[in-house]
Amino acid sequence: MEWEPQQEWLRQILQLLKESQSPDTDTQRHVQQKLEELNKFPDFNNYLIFVLTKLLSEDEPTRSLSGLILKNNVTAHYNRFPTEVAEFIKRECLSAVGDPSPLIRATVGILITTIASKGELTAWPELLPSLCLMLDSQDYNVCEGAFSALQKICEDSTELLDSDALNRPLNILIPKFIQFFQHSSSKIRSQAIACVNPFIVSRTQALMQHVDPFIENLFRLSTDEDGYVRKNVCRALVMLLEVRLDRLMPHMPNIIEYMLVRTQDADDGVALEACEWWLALAEQAVCREVLQPHLPRLLPVLVHGMRYSDIDIILLKGDVEDEDGNVPDRDQDIRPRFHRSRTHTVRHTGADAEGGDSDSESEGTAEDDGALSDWNLRKCSAAALDVLASVFGSDLLPVLFPILNDTLFHTDWVIKESAILALGAVAEGCMGGMLPQLPELVPYLVERLSDSKALVRAITCWTLSRYSHWVVSQPHDAYLKPLMTELLKRILDGNKRVQEAACSAFATLEEEACTELVPYLGYILETLVFAFSKYQHKNLLILYDAIGTLADSVGHHLNKPEYIALLMPPLINKWNFLKDEDKDLFPLLECLSSVATALQAGFLPYCEPVFRRCVSLIEQTLNQHIANSQSPEQFEAPDKDFMIVALDLLSGLAEGLDGHIDHLVLNSNLMQLLYQCMQDPMPEVRQSSFALLGDLTKACFQHVLPNIADFLPILGQNLNPEFISVCNNATWAIGEISIKLGGDMGIYISLVLTQLIETINRPNTPKTLLENTAITIGRLGYVCPHDVAPVLQQFVRQWCMSLRNIRDNEEKDSAFRGMCQMITVNPGGVVGDFVYFCDAVASWVHLKEDLKDMFVKILHGFKAQVGEENWKRFSDQFPPQLSARLRDMYNI
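Residues numbered from 1 in each chain as written. Predicted model: local features only at pLDDT ≥ 70, side-chain atom pairs only at ≥ 80, totals over all residues. Heavy atoms only, no water.

### Observations concerning the overall build of the protein
Piece 1. When helices and strands are counted, the protein shows 50 helices and zero strands.
Piece 2. Along the first, second and third principal axes, the C-alpha atoms of the protein reach 95 × 70 × 65 Å.
Piece 3. Of the contacts formed within the protein by residues at least 6 apart in sequence, a portion of 75% connects residues at least 24 apart.
Piece 4. Surface exposure of the protein reaches about 38900 Å², of which carbon and sulfur atoms provide 51%.
Piece 5. Looking at charge distribution, the protein has the averaged site of its 76 positive side-chain charges lying 2 Å from that of its 120 negative ones. (Helix = DSSP H or I, 4+ residues; strand = E, 2+ residues; numbered from the N terminus. Contact = heavy atoms within 4.5 Å. Areas by Shrake-Rupley, 256 points an atom, 1.4 Å probe, with all protein chains shown as cover. Lys, Arg positive; Asp, Glu negative; His and termini not counted. Charge placed at Lys NZ, Arg CZ, Asp CG, Glu CD.)

Spelled out as structure tokens, the structure:
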């Protein structure tokens, strides 16, 4: 018997669907309650599909809504639908694919895809053949409806469609889709391309076999009058560039011409897709060769694309002088911030000491446009110019300079603003060629910081930050002081966007200038502290970052009574004002962590309440986690970021206050809490726990010592390089503990040594983890040489290579002493790799005399053992630089 609806039920459900379109919240709540009750009846979903597909007397929005509620039910509990209900829904869906209404067709398509995504593609064998047949229907609605469903299935189930599980339907579907590229309906042409596109990047075999007709048909559509078709053609060509460059190369000049035109398409969506082509082409080795002749036409197009559109200017109030500094922020304007857990890193020498992994805006697009924070043509054009600057370097500039000469001094502020953005975008890639221009350019940009237009002031902050490395290297009076003075004024600008850009730019300047800022600290702090009273919610969070970066950059120079008196009261006021569950604590805690580390003993008057609150935050989070694990329906899961940030601030206190933290740890339950945190399922919690353990080991080992037997097995279990930062911090903590434990470390070595040796020999291990692993192995060898030396041969080469570039410091010193001890115990372990040892000891610049004596003893001992002639044969293979350093440093 075919299912039939009961009229009374149908009437009630229709009534409910009507009510659910009411804006009234009480009505909405009532509807929600009623829906939950109805979901207990198995055939409620039959009514929903009936309204969608059969009840033609109802208006379309109501029918569509019925389908969307059904879609939600499918998503939530399709596996609990009785078989006959599921089968009824599937049959009805297929019967309604060609509904005359576009809205109903789209809803049915979404429903089909949702069912398919619940693993039902395999359990619904007739779906794909049915849709495939419908493509040949003479009824436009049926063909379009089938394409609509297939497009969503192709996007959602790309891998499954290309598997044996479904007998490889793409062998039939892909050639069929390509036939429809020439269909008379632009909607169907567009859908046909959209059905093929998901299979490009995965190099699906069925598509690769038809790649030539696919490309030929794309070319035929290049001048299509429909925006969606052009957009999908551009998207396909961008993806083909990455996977089948060989097939595009013969047509490359024509494609570049085509993309030049499309990047200027009147339809912004098409222009954006086309602009992605330049980003993708820059990734290819052929970019320089194929694009060089086209640069004179491409660069003006990109710089033009970097202008704010008319709609952007309205949204950003660019044409009105907008003093919005006193307008409170709305919560929805503040994007969530993500805390980055603490990682122990090793400092490098030479070129490696510069730069590091700073979060600079390398994307070429500077400012966050707030209302326009989505990817758009302006951002894509700037990013393309940025990557092309990396490809072409200074060769880009002879083409770019004439464009900038016309635009930088333009009377139209929109054009001038785009030129300033372009200057920032090429800063990294073209720095060499920009150098001669900077003595004139930087003062011009500093003047632009007081432009009458807020958006010009904002972008200029960012562009100047991209040249801050050069500014810091020049005489301060000429460049750094004027830039700093103007940026500090902009930090107090009346416009919130400018405040934000200036704060971010100042943080970049702080990272570059470091202690060069010390003479100006009073002035800087006065400005930043004044901003506390002026800023609205969103920019306060960026201000914390600027203060934290300042503390990181100038370090202990901040520890002066007059600076502390300026800085600490507003920070502590905010600290006292914020509640424990307020997420604004994250950036404030990060900031305080940097400040505590910099102030050292200067932070003592503030440390007790800060310490207690951090411990309390950790305890509350752990308790909530336990409550949630035991009764999830009663207690919600905690936001563990509170615990992570608190652990990191405690690390900052331990590092800054050193032994002064002793009495605080003694009078708290921190060690028990730390034991729990170290076993947390969330990697970021463990990462921060191990960082704190290492810092507490250095600051007050007497409190760590009683727990060592519990802690070390956990550290050993976390030496898994799949979790890089967790493994890194656990490795570092083991090294710190071994130095304090000395010979007593021997009983724990078997828990950690095998994993450490595996990590150091693992291919593609990140540099920081390699260095920390090498230091810890060296330290274990230092305190327990007889336990580690027998396996010296398994790691000595990698060990020496890992530590040759790090700065001379205490960690490096203890590691190399360990290596010397191990070589003394097992000289045979180093023989095969002795050249690497020679190279590593030659990397020292400032070393203590007794360590130098150890090196001399090993080097000369080896030479004596092999004899003069063998030594000469051996050392003749050294690079000349190495031979010279060994001779000068160790007289060998």
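Structure shown, so let's carry the discussion forward.
### What to know about the packing of aromatic side chains
Any aromatic ring pair is given by two values, namely how distant the centres are and how the planes are angled relative to each other.
Piece 1. Summed over all chains, the structure comprises 23 aromatic pairs.
Piece 2. Judged by centre distance (6.0 Å) and plane angle (50°), the rings of Phe 603 and Tyr 606 are tilted.
Piece 3. The rings of Trp 799, Phe 816, Phe 834, Phe 837, Trp 844, Phe 855, Phe 862, Trp 871, Phe 874, Phe 878 and Tyr 890 are connected pair by pair, giving a single aromatic cluster.
Piece 4. The lysine or arginine in question, Arg 613, covers the ring of Trp 575, its NZ or CZ lying 4.8 Å from the ring centre.
Piece 5. Cation over ring: Arg 686 sits above Phe 723, and NZ or CZ is 5.7 Å from the ring centre. (Phe/Tyr/Trp six-rings, centres within 6.5 Å; stacked < 30°, edge-to-face > 60°. Lys NZ or Arg CZ within 6 Å of the ring centre and 35° of its normal.)

### Here we look at the environment of Ile 200
Piece 1. Among the secondary structure elements, Ile 200 is positioned in the loop between α11 (186-196) and α12 (205-208).
Piece 2. Among the residues examined, Ile 200 registers a relative accessible area of 0% and is labelled buried.
Piece 3. A C-alpha to C-alpha distance of 9.9 Å links Ile 200 and Val 238, two positions 38 residues apart in sequence.
Piece 4. If sequence neighbours within four positions are ignored, Ile 200 has contacts with Leu 207, Met 208, Phe 214, Ala 236, Met 239, Leu 240 and Val 243. (Buried < 20%, exposed > 50% of the residue type's maximum accessible area, 1.4 Å probe, protein only.)

### Structural notes on helix α30 (residues 521-534)
Think of an α-helix as turning once every 3.6 residues; residues three or four places apart then point the same way.
Piece 1. Over its 14 residues, α30 extends 20 Å from the first C-alpha to the last, a length consistent with the 20 Å expected when each residue adds 1.5 Å.
Piece 2. Listed in full, the buried residues belonging to α30 are Leu 521, Gly 522, Ile 524, Leu 525, Thr 527, Leu 528, Val 529, Ala 531 and Phe 532.
Piece 3. The inward-facing, buried residues of α30 abut α28 (480-491), α29 (496-513), α31 (537-554) and α32 (561-577). (Expected span 1.5 Å × (residues − 1).)

### Observations regarding the nonpolar core
Piece 1. Ranked by size, the top nonpolar core spans 320 residues in total, and within it Trp 277, Trp 278, Phe 603, Leu 653, Met 745, Trp 799 and Phe 837 carry the most contacts.
Piece 2. Apart from the residues lying within four places of it in its own chain, the contact partners of Phe 603 are Met 568, Leu 592, Val 595, Ala 596, Val 610, Leu 653 and Leu 657. (Core = buried A, V, L, I, M, F, W, Y, C linked by side-chain atoms within 4.5 Å.)

### Details of the confidence of the model for the protein
Piece 1. The pLDDT averaged across the protein works out to 88; a share of 93% of its residues lies at or above 70.
Piece 2. Below pLDDT 50 for its whole length, residues 349-372 participates in 56 contacts with residues either more than four positions away or in separate chains. (pLDDT = per-residue confidence, 0-100.)

### Describing a negative patch on the surface
Piece 1. Side chains of Glu 511, Glu 512, Asp 545 and Asp 552 sit close together on the surface and give a patch of like negative charge.
Piece 2. Of all elements in the fold, only α29 and α31 reach the threshold of two or more residues within the negative patch.
Piece 3. Tracing the backbone shows Asp 545 in helix α31.
Piece 4. With a relative accessible area of 40%, Asp 545 lands in the partly exposed category. (Patch = residues over 30% accessible without salt bridge, like charges linked within 9 Å, V, L, I, M, F, W, Y side chains within 5 Å. Salt bridge = Lys/Arg side-chain N within 4 Å of Asp/Glu carboxyl O.)

### Description of the packing of helix α17 (residues 268-282) against helix α21 (residues 377-392)
Piece 1. Interhelical geometry of α17 versus α21 gives an angle of 20° and a closest axis separation of 9 Å. As the angle between them shows, α17 and α21 are arranged roughly parallel. In this structure, α17 meets α21 at a crossing whose hand is left-handed. Contact residues: α17 offers Ala 271, Leu 272, Cys 275, Glu 276, Trp 278, Leu 279 and Ala 282, while α21 offers Leu 377, Cys 380, Ser 381, Ala 383, Ala 384, Val 387, Leu 388 and Val 391.
Piece 2. Partitioned by chemical class, the residues of the contact of α17 with α21 number 13 nonpolar, one polar and one charged. (Axes fitted to C-alpha atoms, helices over the stretch in contact; angles between N-to-C directions. Parallel < 35°, antiparallel > 145°, perpendicular 65-115°, else oblique. Left-handed = near helix turned anticlockwise from the far one by under 90°. Nonpolar A, V, L, I, M, F, W, Y, C, P; charged D, E, K, R; others polar.)

### Notes on the environment of Ile 644
Piece 1. By the secondary structure assignment, Ile 644 is in helix α35 (residues 641-657).
Piece 2. Separated by 33 residues in sequence, Ile 644 and Cys 677 place their C-alpha atoms 9.3 Å apart.

### Considerations on the environment of Gln 687
Piece 1. Structurally, Gln 687 is set in helix α38 (residues 683-704).
Piece 2. Sequence spacing of Gln 687 and Val 830 is 143 residues, and the spatial spacing of their C-alpha atoms is 34 Å.

### Details of the packing of α30 against α31
Piece 1. Close contact between α30 and α31 brings their axes to 10 Å; oriented N to C, the two are set at 160°. Judged on the interaxial angle alone, α31 and α30 are roughly antiparallel. The crossing of α30 and α31 is left-handed. In contact with Leu 521, Ile 524, Leu 525, Leu 528, Ala 531 and Phe 532 of α30, α31 contributes Leu 540, Leu 543, Tyr 544, Ile 547, Leu 550 and Val 554.
Piece 2. In the contact of α30 with α31, the residues fall into twelve nonpolar, no polar and no charged.

### Focus: the pattern of salt bridges
Piece 1. By the definition in use, this model includes 42 salt bridges.
Piece 2. The closest approach of N and O atoms between Asp 808 and Lys 812, which form a salt bridge, is 3.0 Å.
Piece 3. With relative accessibility at 23%, the residue Asp 808 sits in the partly exposed group.
Piece 4. Linked through salt bridges whose partners overlap, the residues forming this network are Arg 457, Glu 486, Lys 489, Arg 490 and Asp 493.

### Observations concerning α29
Piece 1. An ideal rise of 1.5 Å per residue puts 26 Å on 18 residues; α29 measures up with 25 Å between its terminal C-alpha atoms.
Piece 2. Of all the 18 residues making up α29, 13 are buried; the element is thus mostly covered by neighbouring parts of the structure.
Piece 3. Cys 514 occupies a position one or two residues after α29 and carries a positive phi of about 45°.

### Regarding the side chain of Thr 263
Piece 1. Within the fold, Thr 263 resides in the loop between α16 (252-262) and α17.
Piece 2. Polar contacts involving the side chain of Thr 263 include one to the side chain of Trp 278, which spans 3.1 Å.
Piece 3. Residues contacting Thr 263, with those up to four places away along its chain left out, are Ala 271, Ala 274, Cys 275, Trp 278 and Val 301. (Polar contact = N/O pair within 3.5 Å; in protein donor to acceptor, adjacent residues only side chain to side chain.)

### Considering the state of the cysteines
Piece 1. In the structure shown here, the tally under the stated rule is zero disulfides.
Piece 2. Counting only cysteine sulfurs, Cys 275 is the nearest neighbor of Cys 234, a cysteine outside any disulfide, at a range of 11 Å.
Piece 3. Look at Cys 234 and you get buried, because its relative accessible area is 0%.
Piece 4. Residue Cys 430 stays outside any disulfide, its sulfur separated by 13 Å from that of Cys 287, the closest cysteine.
Piece 5. The class of Cys 430 is buried, set by a relative accessible area of 0%. (Disulfide = S-S within 2.5 Å.)

### Brief notes about unusual backbone geometry
Piece 1. Its identity is not glycine, yet Asn 764 carries a phi of approximately 65°, on the positive side.
Piece 2. With respect to the helices and strands, Asn 764 occurs in the loop between α41 (749-760) and α42 (767-783).
Piece 3. Looking at Asn 764, the relative accessible area reads 78%, which means it is exposed.
Piece 4. Positive phi values are uncommon outside glycine, yet Asn 891 reaches one of about 55°.
Piece 5. You can see Asn 891 is positioned in the segment after α50 (880-890).
Piece 6. Residue classification places Asn 891 among the exposed positions, given a relative accessible area of 62%.

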